[in-house]
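Reading the structure
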Amino acid sequence: MIEAKPEEGLSVSRRAFLKTFGVSAAAAAAGQLDAVAQELSNADTEKLHGPGAVPITLNVNSKTLKLELEPRVTLLEALRDHLGVTGPKEVCDRATCGACTVLLDGTPIYSCSKLAIEAQGHAITTVEGLAKDGQLTPVQRAFVEEDALMCGYCTPGFVMSVTALLRKNPHPTPEQVKIACAGNLCRCGTYPRVMKAALKAAGVSTASNTEVISYASLA
Amino acid sequence: MPAWPEKRRWIGSRATRLDGPVKVTGAAKYTSDVQPEGWLCGMILRSKWPKAKIRKINLDKALKVPGIKAAVLARDGERTVRYYGEELAAVAGASKQACLDALKAIEVLVTPLPFVVREEDAREEPAPRVWEESPNLSKPSVNEKGDVDKAFTECAAVVEGFYTTAVQIHHPLEPHGNTVSWNEAGVTAWSSTQGVFSVRDGLASHLQVPQNQVRVICDYMGGGFGSKFGPGVEGGLAARLSKAAGAPVKLMLTRFEQALAVGNRPSSFQKIKLGAAADGTLHAFEFENYGTAGIGSGGATAGGGSGVELHAPYIYRVPNMRVKQSAVAIDAGSARAFRAPGSPPSCYGMEAIMDELAVKLNLDPVELRIKNDPSEVRRKQYRLGAERFGWKEKYRKPGTCPGVVKTGVGCGGATWGGGGNRRARAEAQVNPDGSVEVRCGTQDLGTGTRTLIALIAADTFGLTPDQIRVEIGDTRFPYGNDSGGSTTAASVCPAAYDACTKALAELQERTGVSDARGPNWPAACKKLGVNPLVMPGQWQEGLSSSGVGGVQFAEVEVDTETGFVRVRKVTCVQDCGLVVSKLTCESQVNGGIILGIGYALYEERVMDRHTGVVLNPNFETYKLPALADMPEIDIVLLDMPERGVIGIGEPVTIPTAAAIANAVANALGVRVPSLPMTPARVLAALGKTGGPA
């Protein structure tokens, strides 16, 4: 894909924005004028970016990648459209469904709601970066074994959320799995299986919720 | 007549999904992930007027936006748009950002027209007409049997109700869309679709290109639920943009667009009257319903068309009945088939009035159903399900649960077809090194089609599923029908089995090996020499059937202070013929129930009467069930291998909302008469607010 380079565009500095909208709103909200003053002084030292393409360096799955992107390009768009890393999916594009979940220094984030330019200097891990040498991770293996996926479009997001949970908390309760996956939506209805997979990856096996009974055996 | 093998090692097993590993690693390339060399991004400009005469659209400024390579009109000349979100034009450019800039630069000259977006407004004259040539409310279709008025006077009990269901949006997680390359070599489209052949034929006709010049590919797709047949307006636009730009164009819709223009389940407004003898035998039934399929109601499809018409009295038989149904057009996107079209609202209304009857006659709701349900299978399912669910222990008189948080139970039954399509084809290729390829044009919606084919081939050849390569989702492979009506498994499995059994017979004949299966396989294949063996197969009678029954039980708790409903448990008993893949079959049952929970409690498209827009076009405001909402789900699959393969996708979503609604009524002692049963509606039913009931 060729990068577009708009010649003109609206450029608003963070300082100008804070001056116009920030002070009164923030002050009214919390009365923390000192904090606002601090923000303003920080903003003074910031460089303006854009609106044209700027050099951006991302660390994705332990690889350093250099790009030229408009500052308004999201991390998700950078990954998918500019780097061909299509594991993270665009579903809602506004931080409600979790299909775009990636790890930023180990913490799960919505990559649709972070600008690529903001993700510089952080280690970004996508679903492609989990399995090493073709060996599925325990979480990925559990998702396959428990059939915690159908169409699979939400699956990368769930795998990342569960992976992040188990790294922090290797023995979660079902309640903790629910909280970890609260930011992920699935439309096919794989939730019960995602729960089983998360617990299985943590070493807890759960009983099947299905029984096959021969119709002929019924009275 | 052919029969499934007596000894089944893989068929019916819990073997894992063939494409599980590629889906958990991000390696599976969905339509939205395909990036052919030099691809451009495409986006659509949609009407921001719910109704308007489009005078002129000027694309010049859009074409000057840096990075933009093409811009096309959705339609030439003056036209009328009839809903907020109707397609006006489309652009293709080097980046999404360039496209966003270009959409803003398109100039549209319009004359706004009066519009109407609510069913109750649209049906009243003189509401603005959606289609100028006909009234919004269609002439009712009438189905009458016996002497219904006289019959009601003969009943020991008569109950009446008015129940409504909201418009539900499909919202597959992968949006609708295509990546299309149209050049001298022809048209290649990667489509997120439920029917590669329907996309091929639709594109060929729209673009005036021979069908053999159009190839449609769908390796992986992220859900459809009935809304992804044919290329859609967006598919045609992507193709035209590709030709104009001289490059492949990927045009995937946004989540907002999904809520406007690519289908929904019609609403229903059901007025029901049911009468029965003292022992509960149904005697008289009167049903009046209207609903909207958006602009799909009215105009050329007047008369209750576009899926508005419900099945009444659904699974029951009543000797005297009068059923009147009509459709009402509104200025909103058209309905499309949605997982078990027509059935969830039919089941909801009918099972609600059945419970009202049970209360009036002081009968157990399960017993009332067993008395009246004409299906022996379902009657047995009710007995089995009631026992597993603990119905007798849990059921009490409506509204008698003490405390602020009240519990209740309910049930409902369903039917569906799910038979095979006779035109389905497949082909099996046995290579001299013993490896096997099975090809079929069909697509996998996430139901596990690849896996089913591999299990069948493995059992036929005495191999393991990982030795089978299954190739699907391509119009260059043998014909596979559209995935609609839960027909894919019952179509594709017999065709694949036919190809494999014939390939085995041919292999044995050619090589002189009397039983080439299992341990003899490598040696037999080696005798083929240099040429692989390719054998076509087709759907065969006797390997599949149609017609399933299922019942579900639900237990809920309702907070009478907040109005919040929580489903505690769902028990599902479902017959499904020969279970080919246990694991993926169970997943589909879970999925159907969960969609039903959304229909019962959360999902509703909200239209704004004053601006004509969809007020909740995203997941912040259009609520889907989430992991934390999951009840305990108990599933019983009734195995009937002698019936062969039957589809499972749709029947399991039908009775869930009905069972939940009855459970809520049982908990409260009053009925929440509308789906979804939001906290506001629950509180209104309890008389605690002035909100909508």
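Residues numbered from 1 in each chain as written. Chains lettered and ligands numbered in written order. Predicted model: local features only at pLDDT ≥ 70, side-chain atom pairs only at ≥ 80, totals over all residues. Heavy atoms only, no water.

1. Here we look at the overall build of chain B
Counting its regular elements, chain B contains 18 helices and 24 strands. Relative to the compact-globule value of 26 Å for 693 residues, chain B shows a C-alpha radius of gyration of 27 Å, a close match. Projecting the C-alpha coordinates of chain B onto the three principal axes gives extents of approximately 80 × 70 × 45 Å. Of the contacts made within chain B by residues no fewer than 6 positions apart, 80% connect residues no fewer than 24 positions apart. Working note: accessible area of chain B is about 23800 Å², and carbon and sulfur atoms make up 51% of it. Each charge sign in chain B was given a centre, from 78 positive and 73 negative side chains, and these centres are 1 Å apart. (Helix = DSSP H or I, 4+ residues; strand = E, 2+ residues; numbered from the N terminus. Rg over C-alpha atoms; globule rule 2.2 N^0.38 Å. Contact = heavy atoms within 4.5 Å. Areas by Shrake-Rupley, 256 points an atom, 1.4 Å probe, with all protein chains shown as cover. Lys, Arg positive; Asp, Glu negative; His and termini not counted. Charge placed at Lys NZ, Arg CZ, Asp CG, Glu CD.)

2. A word on the overall build of chain A
A count of helices and strands for chain A gives 7 helices and 6 strands. The order of α-helices and β-strands along chain A, N terminus first, is α-α-β-β-α-β-β-β-α-α-α-α-β. The buried share among the 219 residues of chain A stands at 49%. If you sum the accessible surface of chain A, you get close to 10200 Å²; carbon and sulfur atoms cover 54% of it. (Buried < 20%, exposed > 50% of the residue type's maximum accessible area, 1.4 Å probe, protein only.)

3. Thoughts on the packing of helix α4 (residues 138-145) of chain A against helix α7 (residues 191-201) of chain A
All names here are of chain A. Orientation of α4 relative to α7, taken along the N-to-C sense of each, is 140 degrees, at an axis distance of 8 Å. By the criterion of interaxial angle, the relationship of α4 to α7 is oblique. Relative to α7, the crossing made by α4 is right-handed. Here P138, V139, A142, F143 and E145 of α4 come into contact with α7, specifically with V194, A197, K200 and A201. In terms of residue class, the contact of α4 with α7 is made up of 7 nonpolar, no polar and 2 charged. (Axes fitted to C-alpha atoms, helices over the stretch in contact; angles between N-to-C directions. Parallel < 35°, antiparallel > 145°, perpendicular 65-115°, else oblique. Left-handed = near helix turned anticlockwise from the far one by under 90°. Nonpolar A, V, L, I, M, F, W, Y, C, P; charged D, E, K, R; others polar.)

4. Quick notes on the packing of aromatic side chains
Using the criterion set out here, one finds 14 aromatic pairs over all chains in the structure. Here Y153 of chain A and Y30 of chain B contribute two aromatic rings whose centre-to-centre distance is 5.1 Å and whose plane-to-plane angle is 80 degrees, an arrangement assigned as edge-to-face. With Y153 of chain A in the loop between α4 and α5 (155-168) and Y30 of chain B in the loop between α1 (20-25) and β1 (40-46), the pair connects residues from two separate chains. Neither Y153 of chain A nor Y30 of chain B differs from the other in exposure class; each is buried. Among the aromatic residues, those joined into a cluster by ring pairs are Y382, F389, W391, Y395 and F553 of chain B. A cation sits over an aromatic face here: R123 of chain B above Y290 of chain B, 4.0 Å from the ring centre. Over the ring of Y220 of chain B we find R450 of chain B; its NZ or CZ atom is 4.3 Å from the centre of that ring. (Phe/Tyr/Trp six-rings, centres within 6.5 Å; stacked < 30°, edge-to-face > 60°. Lys NZ or Arg CZ within 6 Å of the ring centre and 35° of its normal.)

5. Let's talk about α4 of chain A
Inspection of α4 of chain A places V139, Q140, A142, F143 and V144 of chain A among the buried residues, and these make up the whole buried set. Of the surrounding secondary structure, the elements contacted by the buried residues of α4 of chain A are α5 and α7 of chain A together with α1 of chain B. Phi turns positive, to about 55 degrees, at D147 of chain A, one or two residues after α4 of chain A.

6. Some details on the interface of chain A and chain B
Counting residues at the interface gives 63 residues for chain A, matched by 78 residues for chain B. Here chain A meets chain B over a buried area of about 6000 Å², counting both sides, of which 59% is carbon and sulfur. Counting across the interface, chain A meets chain B through 11 salt bridges. A salt bridge links D33 of chain B to R80 of chain A, with the shortest nitrogen-to-oxygen separation between them at 2.9 Å. Of all elements in the fold, only α3 (75-83), α4, α5, α6 (174-180), α7 and β6 (210-214) of chain A reach the threshold of two or more residues within the side of chain A that touches chain B. (Buried area = accessible area lost by both parts, 1.4 Å probe. Salt bridge = Lys/Arg side-chain N within 4 Å of Asp/Glu carboxyl O.)

7. Here we look at the environment of L624 of chain B
Following the sequence through the fold, L624 of chain B ends up in the loop between α16 (582-601) and β23 (632-639). Note on L624 of chain B: relative accessible area 8%, which makes it buried.

8. Some details on the domain arrangement of chain B
Residue and element names in this part refer to chain B. Domains assigned within chain B are domain 1 (20-28 + 420-465 + 480-538), domain 2 (34-113 + 176-252) and domain 3 (268-417 + 546-685). A straight line from the C-alpha centre of domain 1 to that of domain 2 covers 36 Å. In this assembly, 12 residues from domain 1 lie in contact with 12 residues from domain 2. Together, the buried faces of domain 1 and domain 2 total about 980 Å²; carbon and sulfur atoms form 55% of this surface. Contact with domain 2 buries area across many residues of domain 1, yet Q443, L445 and D482 alone supply 45% of it, more than any other trio. (Domains from an automatic or database assignment.)

9. What to know about empty space enclosed by the protein
Residues and elements named next belong to chain B. With the rule as written, the count across this model stands at 6 cavities of 30 Å³ or more. When its volume is computed, the largest cavity comes out at roughly 70 Å³. What lines the largest cavity is a set of 15 residues, among which H176, S192, G230, P231 and E234 lie closest to the centre. Sorting the residues of the lining of the largest cavity by element identifies β9 (177-183) and α7 (232-245) as the ones contributing at least two each. Across the lining of the largest cavity, the residue classes break down as 3 nonpolar, 9 polar and 3 charged. (1 Å grid on protein atoms, 1.4 Å probe; cavity = no way out; pocket = protein on both sides within 12 Å on 5 of 7 lines; lining within 4 Å. Points joined across faces, edges and corners; volume = space filled by probe spheres on them.)

10. Section: the sheet that holds strand β20 (residues 533-538) of chain B
All names here are of chain B. As summarised here, the arrangement of the 4 strands in space is β19-β18-β17-β20, forming an open sheet in which the pairing is mixed. Of all strands in the sheet, those with a lone pairing partner are β19 (468-472) and β20, marking the two edges. Recorded for the sheet is a direction-independent mean angle of 20 degrees between the axes of neighbouring strands. Across 6 bridges, the pairing between strand β17 (residues 425-430) and β20 is antiparallel. The partner of R425 across the bridge, within β20, is Q538. The sheet contacts of helix α13 (residues 449-461) involve β17, β18 (436-440) and β19, and relative to β19 the element is tilted by about 140 degrees. Strands β17, β18 and β20 of the sheet are contacted by helix α14 (residues 488-511), whose axis makes an angle of about 145 degrees with β20. (Pairing = 2+ DSSP bridges.)

11. Section: unusual backbone geometry
In this chain, G50 of chain A is followed by P51 of chain A through a cis amide linkage whose omega measures 10 degrees. Looking at the element boundaries, P51 of chain A is found in the loop between α2 (33-44) and β1 (54-60). With an omega of 5 degrees, the peptide bond between A312 of chain B and P313 of chain B qualifies as cis. Its location among the elements puts P313 of chain B in the loop between β14 (282-291) and β15 (320-327). For D133 of chain A, which is not glycine, the phi dihedral falls at a positive 55 degrees.

12. Let's talk about the nonpolar core
One finds F143 of chain A together with F285, I660 and M677 of chain B to be the most contacted residues of the largest nonpolar core, which totals 141 residues. With residues near it in sequence (within four places) discarded, F143 of chain A still touches A148, L149, T155, F158, V159, V162, V194 and A197 of chain A together with V24 of chain B. Formed by 36 residues, the second largest nonpolar core is a distinct cluster that contains C440, I472, A516 and A524 of chain B. (Core = buried A, V, L, I, M, F, W, Y, C linked by side-chain atoms within 4.5 Å.)

13. Section: the sheet that holds strand β21 (residues 548-559) of chain B
Taken in spatial order, the 5 strands make up an open sheet running β6(A)-β23(B)-β22(B)-β21(B)-β16(B), and their pairing is mixed. Either end of the sheet is taken by a strand with one partner, and the two such strands are β6 of chain A together with β16 (405-416) of chain B. Ignoring which end each strand starts from, the neighbouring axes of this sheet average 15 degrees apart.

14. Considerations on the environment of A116 of chain A
Residues and elements named next belong to chain A. Considering the arrangement of structural elements, one finds A116 in the loop between β4 (107-110) and β5 (123-125). The spatial distance from the C-alpha of A116 to the C-alpha of L79 is 8.6 Å, given a sequence separation of 37 residues. Setting aside residues up to four positions removed in sequence, A116 forms contacts with I56, L58, L69, V73, T74, L75 and A78.

15. Things to note about the confidence of the model for chain A
Residue and element names in this part refer to chain A. The predicted model of chain A has a mean per-residue pLDDT of 87, with 81% of residues at 70 or higher. A low-confidence stretch, residues 1-15 (pLDDT under 50), is modelled with 35 contacts involving residues beyond four sequence positions or located in other chains. Here residues 17-28 is a poorly scored stretch, pLDDT under 50, and it has 17 contacts once near neighbours within four places are set aside; other chains count. (pLDDT = per-residue confidence, 0-100.)

16. Comments concerning the environment of N481 of chain B
Residue placement: N481 of chain B occurs in the loop between β19 and α14. A sequence separation of 58 residues divides N481 of chain B from R423 of chain B, and the C-alpha atoms of the two residues are 7.3 Å apart.

17. Some thoughts on the packing of α4 of chain A against α5 of chain A
Residue and element names in this part refer to chain A. It is at 9 Å that the axes of α4 and α5 come closest, and there the two elements cross at 130 degrees. On the basis of their axis angle, the class for α4 and α5 is oblique. The two elements α4 and α5 meet at a crossing, and its hand is right-handed. Residues V139, Q140 and F143 of α4 form the contact with α5, whose own contacting residues are T155, F158, V159, V162, T163 and L166. Looking at the contact of α4 with α5, its residues break down into 6 nonpolar, 3 polar and no charged.

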